Amino acid sequence: MATQNYKQETLALHAGYNFDTQRTLSVPIYQNTAYSFESLEQAAARFALQELGNIYTRIGNPTINILGERLAAVEGGAFGVPTASGTAAIFYALANLAQNGDNVVYSNKIYGGTQTLIVHTLKRFGIESKVFDIDNIEESLEKAVDSKTKAILFESLSNPQIAIADVEKITKIAKKHGIATICDNTVATAFLHKPFEFGVDIVVYSLSKYVNGQGSALGGVAIERNGLNSLIVDNPRYPAFNTPDASYHGLVYASLADSLPIFSIRLITEWLRNIGATLSPHNAWIVIQGLETLELRIKKHSQNALEVARFLQSHPKVKEVFYPGLEGNPYNALLKKYFKDSNSSGLLSFEVESYEKAKKVCNALEIFEIVANIGDSKSLVIHPASTTHSQLNQDELDSAGITPCTVRLSIGLESPQDLIADLKQALEK
Ligand SMILES: *Cc1c(COP(=O)(O)O)cnc(C)c1O
(Lines give C-alpha, C1' and ligand atoms only; values in the text may rest on other atoms or scores of the structure.)
Protein backbone atom coordinates (compact mmCIF):
# COMPACT_ATOMS: atom_id res chain seq x y z
CA MET A 1 0.00 0.00 0.00
CA ALA A 2 1.19 3.53 -0.73
CA THR A 3 1.59 4.70 2.80
CA GLN A 4 3.25 8.12 2.47
CA ASN A 5 0.17 10.10 3.44
CA TYR A 6 -1.02 8.03 6.38
CA LYS A 7 -0.59 8.94 10.02
CA GLN A 8 1.73 7.06 12.37
CA GLU A 9 -1.01 4.93 13.98
CA THR A 10 -2.04 3.66 10.54
CA LEU A 11 1.54 3.08 9.41
CA ALA A 12 2.25 1.03 12.54
CA LEU A 13 -0.45 -1.41 11.40
CA HIS A 14 0.04 -1.46 7.64
CA ALA A 15 3.37 -0.13 6.37
CA GLY A 16 5.74 -2.55 4.70
CA TYR A 17 3.32 -5.40 4.14
CA ASN A 18 1.40 -5.84 0.89
CA PHE A 19 0.36 -9.46 1.50
CA ASP A 20 2.28 -12.47 0.34
CA THR A 21 0.76 -15.04 -2.02
CA GLN A 22 -1.35 -16.51 0.82
CA ARG A 23 -2.73 -13.05 1.75
CA THR A 24 -2.31 -13.71 5.47
CA LEU A 25 -3.61 -10.69 7.38
CA SER A 26 -0.99 -11.02 10.09
CA VAL A 27 2.56 -10.56 8.74
CA PRO A 28 3.89 -14.07 8.04
CA ILE A 29 7.05 -15.38 9.67
CA TYR A 30 9.57 -16.39 7.02
CA GLN A 31 11.44 -18.85 9.18
CA ASN A 32 14.22 -19.67 6.72
CA THR A 33 17.92 -19.05 6.29
CA ALA A 34 18.32 -19.14 2.49
CA TYR A 35 16.46 -18.49 -0.79
CA SER A 36 16.45 -20.16 -4.15
CA PHE A 37 17.59 -18.04 -7.12
CA GLU A 38 15.76 -18.32 -10.43
CA SER A 39 19.07 -18.58 -12.25
CA LEU A 40 22.79 -18.22 -11.69
CA GLU A 41 22.57 -14.88 -13.47
CA GLN A 42 20.04 -13.65 -10.93
CA ALA A 43 22.26 -14.86 -8.10
CA ALA A 44 25.21 -12.98 -9.58
CA ALA A 45 23.18 -9.77 -9.99
CA ARG A 46 22.11 -9.91 -6.35
CA PHE A 47 25.64 -10.49 -5.11
CA ALA A 48 26.80 -7.51 -7.20
CA LEU A 49 24.01 -5.29 -5.73
CA GLN A 50 22.72 -4.78 -9.30
CA GLU A 51 19.44 -6.30 -8.20
CA LEU A 52 18.18 -6.06 -4.64
CA GLY A 53 16.64 -9.24 -3.34
CA ASN A 54 16.93 -12.13 -0.97
CA ILE A 55 20.24 -13.95 -0.67
CA TYR A 56 20.57 -15.23 2.89
CA THR A 57 18.74 -14.32 6.11
CA ARG A 58 21.86 -12.90 7.79
CA ILE A 59 21.56 -9.97 5.35
CA GLY A 60 17.84 -10.01 4.60
CA ASN A 61 14.56 -11.76 5.27
CA PRO A 62 10.99 -10.74 4.34
CA THR A 63 9.66 -10.65 7.92
CA ILE A 64 12.66 -8.66 9.14
CA ASN A 65 12.42 -6.35 6.14
CA ILE A 66 8.74 -5.62 6.84
CA LEU A 67 9.64 -4.65 10.39
CA GLY A 68 12.43 -2.38 9.13
CA GLU A 69 10.16 -0.70 6.59
CA ARG A 70 7.36 -0.27 9.10
CA LEU A 71 9.63 1.23 11.75
CA ALA A 72 11.13 3.62 9.20
CA ALA A 73 7.61 4.67 8.11
CA VAL A 74 6.46 5.31 11.68
CA GLU A 75 9.64 7.25 12.42
CA GLY A 76 9.38 9.26 9.19
CA GLY A 77 12.74 7.97 7.96
CA ALA A 78 14.04 6.55 4.69
CA PHE A 79 15.14 3.04 5.61
CA GLY A 80 15.41 0.86 8.73
CA VAL A 81 17.78 -2.03 9.34
CA PRO A 82 16.70 -4.29 12.21
CA THR A 83 19.39 -6.01 14.29
CA ALA A 84 19.49 -8.68 16.98
CA SER A 85 19.44 -6.14 19.82
CA GLY A 86 19.56 -2.42 20.50
CA THR A 87 23.21 -2.76 21.44
CA ALA A 88 24.01 -4.29 18.06
CA ALA A 89 22.17 -1.45 16.29
CA ILE A 90 24.19 1.15 18.21
CA PHE A 91 27.49 -0.62 17.57
CA TYR A 92 26.75 -1.03 13.86
CA ALA A 93 25.61 2.58 13.46
CA LEU A 94 28.81 3.85 15.09
CA ALA A 95 31.10 1.39 13.34
CA ASN A 96 29.49 2.30 10.02
CA LEU A 97 30.76 5.88 10.47
CA ALA A 98 33.98 5.60 12.48
CA GLN A 99 37.10 3.48 12.25
CA ASN A 100 40.52 3.09 13.83
CA GLY A 101 41.96 6.57 14.56
CA ASP A 102 38.57 8.33 14.65
CA ASN A 103 36.47 9.38 17.60
CA VAL A 104 32.80 9.52 18.52
CA VAL A 105 31.22 12.07 20.85
CA TYR A 106 28.48 10.97 23.24
CA SER A 107 26.14 12.52 25.78
CA ASN A 108 26.94 12.15 29.47
CA LYS A 109 23.41 10.93 30.13
CA ILE A 110 22.91 7.65 28.29
CA TYR A 111 22.26 3.96 28.91
CA GLY A 112 25.11 2.38 30.89
CA GLY A 113 25.62 -0.38 28.32
CA THR A 114 25.99 2.15 25.51
CA GLN A 115 28.52 4.12 27.52
CA THR A 116 30.57 0.96 28.17
CA LEU A 117 30.40 0.06 24.47
CA ILE A 118 31.63 3.50 23.44
CA VAL A 119 34.27 4.07 26.11
CA HIS A 120 35.74 0.58 26.41
CA THR A 121 34.77 -1.69 23.53
CA LEU A 122 35.20 0.84 20.71
CA LYS A 123 38.53 1.83 22.23
CA ARG A 124 39.80 -1.71 21.64
CA PHE A 125 39.06 -1.09 17.95
CA GLY A 126 41.06 2.16 18.05
CA ILE A 127 38.01 4.43 18.17
CA GLU A 128 38.34 7.08 20.86
CA SER A 129 35.44 8.75 22.63
CA LYS A 130 34.69 12.16 24.05
CA VAL A 131 31.78 13.10 26.24
CA PHE A 132 29.60 16.21 26.09
CA ASP A 133 27.22 17.61 28.67
CA ILE A 134 23.61 17.21 27.56
CA ASP A 135 22.65 20.05 29.92
CA ASN A 136 25.26 22.43 28.53
CA ILE A 137 25.32 21.55 24.86
CA GLU A 138 26.55 24.70 23.19
CA GLU A 139 29.73 24.93 25.21
CA SER A 140 30.61 21.27 25.72
CA LEU A 141 29.69 19.85 22.30
CA GLU A 142 31.50 22.53 20.34
CA LYS A 143 34.62 21.78 22.43
CA ALA A 144 34.34 18.00 22.05
CA VAL A 145 34.13 17.70 18.26
CA ASP A 146 37.19 17.77 16.01
CA SER A 147 38.21 16.76 12.50
CA LYS A 148 38.27 13.07 13.53
CA THR A 149 34.77 13.07 15.05
CA LYS A 150 32.50 10.79 13.01
CA ALA A 151 29.34 10.65 15.09
CA ILE A 152 27.51 12.42 17.91
CA LEU A 153 25.33 10.07 19.93
CA PHE A 154 22.66 10.98 22.47
CA GLU A 155 19.31 9.76 23.81
CA SER A 156 16.14 11.79 23.20
CA LEU A 157 14.89 10.75 26.66
CA SER A 158 17.73 9.21 28.57
CA ASN A 159 17.72 5.92 30.47
CA PRO A 160 17.92 6.09 33.47
CA GLN A 161 18.50 9.78 34.19
CA ILE A 162 15.37 10.86 32.29
CA ALA A 163 17.02 13.87 30.70
CA ILE A 164 15.46 15.31 27.57
CA ALA A 165 17.88 16.40 24.88
CA ASP A 166 17.61 19.85 23.34
CA VAL A 167 17.85 18.14 19.98
CA GLU A 168 17.98 21.24 17.80
CA LYS A 169 21.01 22.57 19.65
CA ILE A 170 22.84 19.32 18.97
CA THR A 171 21.90 19.04 15.31
CA LYS A 172 22.79 22.67 14.66
CA ILE A 173 26.37 22.15 15.84
CA ALA A 174 26.60 18.79 14.05
CA LYS A 175 25.43 20.31 10.77
CA LYS A 176 27.94 23.12 11.02
CA HIS A 177 30.74 20.53 11.16
CA GLY A 178 29.18 17.97 8.78
CA ILE A 179 29.04 15.28 11.47
CA ALA A 180 26.27 12.66 11.61
CA THR A 181 24.01 12.61 14.68
CA ILE A 182 22.65 9.38 16.13
CA CYS A 183 19.66 9.62 18.45
CA ASP A 184 18.58 6.69 20.60
CA ASN A 185 14.78 7.07 20.71
CA THR A 186 14.11 3.90 22.76
CA VAL A 187 12.41 5.50 25.76
CA ALA A 188 10.40 8.18 23.95
CA THR A 189 9.43 6.18 20.84
CA ALA A 190 8.27 7.81 17.62
CA PHE A 191 4.78 8.28 19.04
CA LEU A 192 6.04 10.85 21.53
CA HIS A 193 9.02 12.32 19.73
CA LYS A 194 10.31 12.32 16.15
CA PRO A 195 14.03 13.15 16.09
CA PHE A 196 14.12 13.47 12.27
CA GLU A 197 11.85 16.51 12.49
CA PHE A 198 14.60 18.26 14.45
CA GLY A 199 17.50 17.47 12.12
CA VAL A 200 18.76 14.12 13.44
CA ASP A 201 20.47 11.89 10.85
CA ILE A 202 20.12 8.39 12.29
CA VAL A 203 17.66 7.05 14.87
CA VAL A 204 18.48 3.87 16.78
CA TYR A 205 16.28 1.80 19.05
CA SER A 206 16.30 -1.00 21.45
CA LEU A 207 13.09 -2.66 20.27
CA SER A 208 13.32 -4.85 23.36
CA LYS A 209 11.67 -2.10 25.43
CA TYR A 210 8.46 -0.17 24.61
CA VAL A 211 8.20 -1.25 20.96
CA ASN A 212 8.01 -4.91 21.91
CA GLY A 213 6.27 -3.93 25.11
CA GLN A 214 5.99 -7.36 26.68
CA GLY A 215 9.60 -8.06 27.53
CA SER A 216 9.41 -11.07 25.21
CA ALA A 217 12.02 -10.46 22.50
CA LEU A 218 15.28 -8.59 22.00
CA GLY A 219 15.64 -6.44 18.92
CA GLY A 220 17.17 -3.25 17.61
CA VAL A 221 17.01 -1.02 14.58
CA ALA A 222 19.01 1.73 12.91
CA ILE A 223 16.92 4.09 10.77
CA GLU A 224 18.37 6.70 8.45
CA ARG A 225 16.66 9.95 7.57
CA ASN A 226 15.51 10.95 4.11
CA GLY A 227 18.37 12.58 2.28
CA LEU A 228 21.18 11.29 4.49
CA ASN A 229 23.17 10.46 1.35
CA SER A 230 23.86 14.16 0.85
CA LEU A 231 25.68 14.37 4.19
CA ILE A 232 27.86 11.35 3.41
CA VAL A 233 28.66 11.63 -0.30
CA ASP A 234 31.92 13.55 -0.91
CA ASN A 235 32.20 14.33 2.82
CA PRO A 236 35.90 13.81 3.69
CA ARG A 237 34.84 12.63 7.15
CA TYR A 238 33.40 9.45 5.66
CA PRO A 239 36.03 7.81 3.43
CA ALA A 240 34.49 4.35 3.87
CA PHE A 241 31.56 5.49 1.72
CA ASN A 242 33.60 7.49 -0.78
CA THR A 243 36.54 5.20 -1.58
CA PRO A 244 36.62 1.66 -3.03
CA ASP A 245 35.73 -1.08 -0.55
CA ALA A 246 38.17 -3.98 -0.94
CA SER A 247 35.80 -6.31 0.94
CA TYR A 248 33.10 -5.70 -1.66
CA HIS A 249 35.08 -5.96 -4.89
CA GLY A 250 36.04 -2.29 -4.98
CA LEU A 251 32.50 -0.96 -4.61
CA VAL A 252 32.25 2.78 -3.86
CA TYR A 253 29.06 3.16 -1.83
CA ALA A 254 28.68 6.78 -2.89
CA SER A 255 28.20 5.56 -6.48
CA LEU A 256 24.88 3.98 -5.39
CA ALA A 257 23.58 7.19 -3.83
CA ASP A 258 21.24 8.14 -6.67
CA SER A 259 18.94 5.25 -5.92
CA LEU A 260 19.84 3.70 -2.55
CA PRO A 261 20.18 4.79 1.10
CA ILE A 262 23.91 4.10 1.36
CA PHE A 263 24.23 4.26 5.16
CA SER A 264 21.75 1.39 5.47
CA ILE A 265 23.13 -0.54 2.49
CA ARG A 266 26.61 -0.49 4.01
CA LEU A 267 25.20 -1.36 7.43
CA ILE A 268 23.85 -4.53 5.82
CA THR A 269 26.72 -5.39 3.48
CA GLU A 270 29.54 -4.60 5.90
CA TRP A 271 28.14 -5.14 9.41
CA LEU A 272 25.28 -7.62 9.19
CA ARG A 273 27.13 -9.57 6.51
CA ASN A 274 30.47 -9.73 8.33
CA ILE A 275 29.54 -9.58 12.01
CA GLY A 276 26.08 -11.13 11.82
CA ALA A 277 24.00 -9.84 14.77
CA THR A 278 20.86 -10.43 12.72
CA LEU A 279 17.40 -10.34 14.26
CA SER A 280 15.62 -13.68 14.14
CA PRO A 281 12.51 -13.72 11.91
CA HIS A 282 10.47 -14.95 14.85
CA ASN A 283 11.58 -12.04 17.04
CA ALA A 284 10.88 -9.65 14.16
CA TRP A 285 7.33 -10.96 14.11
CA ILE A 286 6.97 -10.57 17.90
CA VAL A 287 8.20 -6.98 17.66
CA ILE A 288 5.72 -6.28 14.84
CA GLN A 289 2.88 -7.37 17.15
CA GLY A 290 4.12 -4.86 19.72
CA LEU A 291 4.53 -2.04 17.22
CA GLU A 292 0.90 -2.39 16.15
CA THR A 293 -0.33 -1.24 19.59
CA LEU A 294 2.60 0.99 20.61
CA GLU A 295 0.71 4.25 20.25
CA LEU A 296 -1.98 3.25 22.76
CA ARG A 297 0.51 1.78 25.19
CA ILE A 298 3.01 4.62 25.26
CA LYS A 299 0.22 7.10 26.04
CA LYS A 300 -0.98 4.92 28.91
CA HIS A 301 2.57 4.42 30.23
CA SER A 302 2.91 8.22 30.22
CA GLN A 303 -0.40 8.86 31.99
CA ASN A 304 0.29 6.23 34.66
CA ALA A 305 3.81 7.56 35.23
CA LEU A 306 2.55 11.10 35.68
CA GLU A 307 0.07 9.96 38.32
CA VAL A 308 2.73 7.97 40.16
CA ALA A 309 5.19 10.89 39.93
CA ARG A 310 2.64 13.25 41.47
CA PHE A 311 2.06 10.81 44.31
CA LEU A 312 5.78 10.37 44.99
CA GLN A 313 6.32 14.11 44.92
CA SER A 314 3.82 14.48 47.73
CA HIS A 315 5.32 11.73 49.91
CA PRO A 316 7.49 12.79 52.89
CA LYS A 317 9.92 9.85 52.52
CA VAL A 318 10.80 10.89 48.97
CA LYS A 319 13.51 13.53 48.64
CA GLU A 320 13.20 14.19 44.95
CA VAL A 321 11.27 12.90 41.94
CA PHE A 322 12.60 13.05 38.39
CA TYR A 323 9.86 13.00 35.83
CA PRO A 324 9.81 15.51 32.98
CA GLY A 325 6.01 15.62 33.00
CA LEU A 326 6.06 17.32 36.41
CA GLU A 327 5.83 21.10 36.37
CA GLY A 328 9.07 22.31 37.87
CA ASN A 329 11.14 19.46 36.46
CA PRO A 330 14.18 20.97 34.71
CA TYR A 331 13.20 19.24 31.46
CA ASN A 332 9.55 20.26 31.50
CA ALA A 333 10.10 23.07 28.98
CA LEU A 334 11.98 20.75 26.59
CA LEU A 335 9.21 18.17 27.00
CA LYS A 336 6.64 20.74 25.93
CA LYS A 337 8.77 21.78 22.98
CA TYR A 338 9.71 18.34 21.64
CA PHE A 339 7.15 15.76 22.84
CA LYS A 340 3.64 15.11 21.57
CA ASP A 341 0.98 16.20 24.08
CA SER A 342 3.82 16.57 26.63
CA ASN A 343 3.61 12.83 27.29
CA SER A 344 6.87 11.70 28.84
CA SER A 345 6.90 7.88 28.66
CA GLY A 346 7.05 5.47 31.58
CA LEU A 347 10.44 6.05 33.11
CA LEU A 348 10.79 7.88 36.38
CA SER A 349 13.24 7.91 39.22
CA PHE A 350 13.25 9.19 42.75
CA GLU A 351 15.64 9.60 45.60
CA VAL A 352 15.19 8.53 49.17
CA GLU A 353 17.37 9.49 52.12
CA SER A 354 19.88 6.62 52.03
CA TYR A 355 21.26 3.63 50.19
CA GLU A 356 19.69 1.38 52.85
CA LYS A 357 16.28 2.95 52.34
CA ALA A 358 16.57 2.63 48.55
CA LYS A 359 17.30 -1.09 48.90
CA LYS A 360 14.47 -1.55 51.38
CA VAL A 361 11.93 0.11 49.09
CA CYS A 362 13.00 -2.06 46.13
CA ASN A 363 12.65 -5.23 48.20
CA ALA A 364 9.32 -4.25 49.76
CA LEU A 365 7.48 -3.56 46.51
CA GLU A 366 4.98 -6.21 45.52
CA ILE A 367 3.64 -5.32 42.07
CA PHE A 368 6.92 -3.82 40.88
CA GLU A 369 9.37 -6.59 40.07
CA ILE A 370 13.12 -6.07 40.49
CA VAL A 371 14.21 -6.29 36.89
CA ALA A 372 17.08 -4.77 34.90
CA ASN A 373 14.80 -3.66 32.13
CA ILE A 374 12.38 -0.93 31.13
CA GLY A 375 9.43 -0.61 28.80
CA ASP A 376 7.54 -3.73 29.83
CA SER A 377 3.77 -3.71 30.27
CA LYS A 378 4.49 -4.79 33.85
CA SER A 379 5.91 -2.28 36.31
CA LEU A 380 9.58 -2.74 37.15
CA VAL A 381 12.02 -1.34 39.71
CA ILE A 382 15.80 -1.24 39.79
CA HIS A 383 18.59 0.34 41.82
CA PRO A 384 20.92 1.63 39.04
CA ALA A 385 24.06 2.28 41.12
CA SER A 386 24.40 -1.36 42.14
CA THR A 387 23.17 -2.95 38.89
CA THR A 388 22.73 -1.36 35.46
CA HIS A 389 25.30 1.36 36.14
CA SER A 390 27.70 -0.59 38.37
CA GLN A 391 30.45 -0.55 35.70
CA LEU A 392 30.68 3.24 35.86
CA ASN A 393 33.24 4.94 38.11
CA GLN A 394 32.29 7.70 40.55
CA ASP A 395 32.96 10.53 38.11
CA GLU A 396 30.85 8.84 35.47
CA LEU A 397 28.06 8.22 37.99
CA ASP A 398 28.14 11.87 39.10
CA SER A 399 28.09 13.01 35.53
CA ALA A 400 25.16 10.70 34.81
CA GLY A 401 23.27 12.04 37.83
CA ILE A 402 23.02 8.69 39.63
CA THR A 403 23.46 8.40 43.39
CA PRO A 404 23.28 5.35 45.69
CA CYS A 405 19.86 6.65 46.79
CA THR A 406 18.33 6.67 43.29
CA VAL A 407 15.50 4.22 42.61
CA ARG A 408 14.33 3.86 39.03
CA LEU A 409 10.83 2.79 38.08
CA SER A 410 9.53 1.67 34.74
CA ILE A 411 5.83 2.27 35.04
CA GLY A 412 3.68 -0.37 33.40
CA LEU A 413 0.07 -0.60 32.33
CA GLU A 414 -1.44 -1.70 35.66
CA SER A 415 -4.02 0.43 37.44
CA PRO A 416 -2.24 3.56 38.68
CA GLN A 417 -4.16 3.30 41.98
CA ASP A 418 -2.63 -0.14 42.60
CA LEU A 419 0.87 1.11 41.74
CA ILE A 420 0.52 4.08 44.08
CA ALA A 421 -0.74 1.88 46.92
CA ASP A 422 2.22 -0.48 46.41
CA LEU A 423 4.73 2.38 46.52
CA LYS A 424 3.05 3.83 49.60
CA GLN A 425 3.32 0.59 51.57
CA ALA A 426 6.94 0.08 50.49
CA LEU A 427 8.01 3.60 51.43
CA GLU A 428 6.31 3.36 54.80
CA LYS A 429 7.61 -0.07 55.74
C1 LIG B 1 18.09 -1.29 26.66
C2 LIG B 1 18.66 -0.13 25.96
C3 LIG B 1 19.65 -0.30 24.99
C4 LIG B 1 20.23 -1.66 24.66
O5 LIG B 1 19.29 -2.43 23.98
P6 LIG B 1 19.28 -4.05 23.97
O7 LIG B 1 18.13 -4.37 23.08
O8 LIG B 1 19.08 -4.49 25.38
O9 LIG B 1 20.59 -4.48 23.43
C10 LIG B 1 20.11 0.82 24.34
N11 LIG B 1 19.63 2.04 24.62
C12 LIG B 1 18.67 2.24 25.55
C13 LIG B 1 18.18 3.63 25.81
C14 LIG B 1 18.16 1.18 26.26
O15 LIG B 1 17.22 1.39 27.19
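Provided above is the structure to which this section pertains.
Quick caveat: nothing in here was measured; it's all calculated off a predicted structure. (Residues numbered from 1 in each chain as written. Predicted model: local features only at pLDDT ≥ 70, side-chain atom pairs only at ≥ 80, totals over all residues. Heavy atoms only, no water.)

Engineer: It is not clear to me how the sheet that holds strand β3 (residues 128-132) should be interpreted in this structure. Could you clarify?
Structural biologist: In a beta sheet, neighbouring strands pair by backbone hydrogen bonds and run either parallel or antiparallel. Strand order in the open sheet formed by seven strands is β1-β7-β6-β5-β4-β2-β3, with mixed pairing between adjacent strands. Lying at the two open borders of the sheet, with one neighbouring strand each, are β1 (79-83) and β3. Here the strands of the sheet are splayed against their neighbours by 20 degrees on average, with no regard to which way each runs. Of the pairings in the sheet, the one linking β1 to strand β7 (residues 220-224) comprises five bridges and is antiparallel in character. Across the sheet, Pro82 pairs through a bridge with Val221, a residue of β7. Of the strands in this sheet, β1, β6 (202-206) and β7 are in contact with helix α3 (residues 62-75), which crosses β1 at around 130 degrees. Lying on the sheet, helix α6 (residues 137-144) is in contact with β2 (103-107), β3 and β4 (149-155); it crosses β3 at an angle near 165 degrees. (Pairing = 2+ DSSP bridges. Helix = DSSP H or I, 4+ residues; strand = E, 2+ residues; numbered from the N terminus. Axes fitted to C-alpha atoms, helices over the stretch in contact; angles between N-to-C directions. Contact = heavy atoms within 4.5 Å.)

Engineer: Help me understand the packing of α6 against helix α7 (residues 167-177) in this model?
Structural biologist: Geometry of a packed helix pair, given as the angle between the helix axes and the separation of the axes. Relative orientation of the contacting elements α6 and α7 amounts to 30 degrees, with a least axis distance of 10 Å. Between α6 and α7, the crossing angle belongs to the class labelled roughly parallel. In this structure, α6 crosses over α7, and the sense of that crossing is right-handed. On α7, the residues touching Ile137, Glu138, Leu141 and Glu142 of α6 are Lys169, Ile170, Ile173, Lys176 and His177. When grouped by side-chain class, the residues that make up the contact of α6 with α7 number four nonpolar, one polar and four charged. (Parallel < 35°, antiparallel > 145°, perpendicular 65-115°, else oblique. Left-handed = near helix turned anticlockwise from the far one by under 90°. Nonpolar A, V, L, I, M, F, W, Y, C, P; charged D, E, K, R; others polar.)

Engineer: Even after reading the chapter, I still don't get the sheet that holds strand β10 (residues 369-370), so can you show me in this structure?
Structural biologist: If you walk across this open sheet you meet the five strands as β8-β9-β12-β11-β10, and the pairing is mixed. What marks the edges here is a single partner per strand, and that holds for β8 (320-322) and β10. Bridge analysis of β8 against strand β9 (residues 347-351) gives three bridges, and the strand direction is antiparallel. The residue of β9 that forms the bridge with Glu320 is Glu351.

Engineer: Looking at this structure, I do not really get the pattern of salt bridges. What am I missing?
Structural biologist: If charged atoms from side chains of opposite charge come close, those side chains can pair. Counted by the stated rule, this structure contains 17 salt bridges. Notably, a salt bridge pairs Glu168 with Lys337, separated by 2.9 Å at the nearest N-O pair. Of this pair, Glu168 sits in helix α7 while Lys337 sits in helix α13 (residues 332-338), placing them 169 residues apart in sequence. The class of Glu168 is partly exposed, set by a relative accessible area of 34%. According to the relative accessible area criterion, Lys337 is partly exposed, its value standing at 44%. (Salt bridge = Lys/Arg side-chain N within 4 Å of Asp/Glu carboxyl O. Buried < 20%, exposed > 50% of the residue type's maximum accessible area, 1.4 Å probe, protein only.)

Engineer: Would you explain the side chain of Asn304 in this entry?
Structural biologist: Considering the arrangement of structural elements, one finds Asn304 in helix α12 (residues 294-313). Given the relative accessible area of 1%, Asn304 is considered buried. Discounting chain neighbours no more than four positions away, the residues touching Asn304 are Ile411, Gly412, Leu413, Glu414 and Pro416.

Engineer: How do you make sense of the site of the ligand when you look at a structure like this?
Structural biologist: The ligand sits among 15 residues. The nearest are Gly86, Thr87, Asp184, Ser208 and Lys209. Within the contact set of the ligand, an oxygen atom lies 2.7 Å away from a side-chain nitrogen or oxygen of Ser208. Here an oxygen atom of the ligand and a side-chain polar atom of Lys209 are 2.7 Å apart. Compared with its free state, where it exposes 380 Å², the ligand has 93% of that area covered by protein. Per-element tally for the shell around the ligand: the top contributor is helix α4 (residues 86-97), with three residues. Taken together, the residues that form the shell around the ligand break down as three nonpolar, nine polar and three charged. (Near = heavy atom within 4 Å. Polar contact = N/O pair within 3.5 Å; in protein donor to acceptor, adjacent residues only side chain to side chain. Areas by Shrake-Rupley, 256 points an atom, 1.4 Å probe, with all protein chains shown as cover.)

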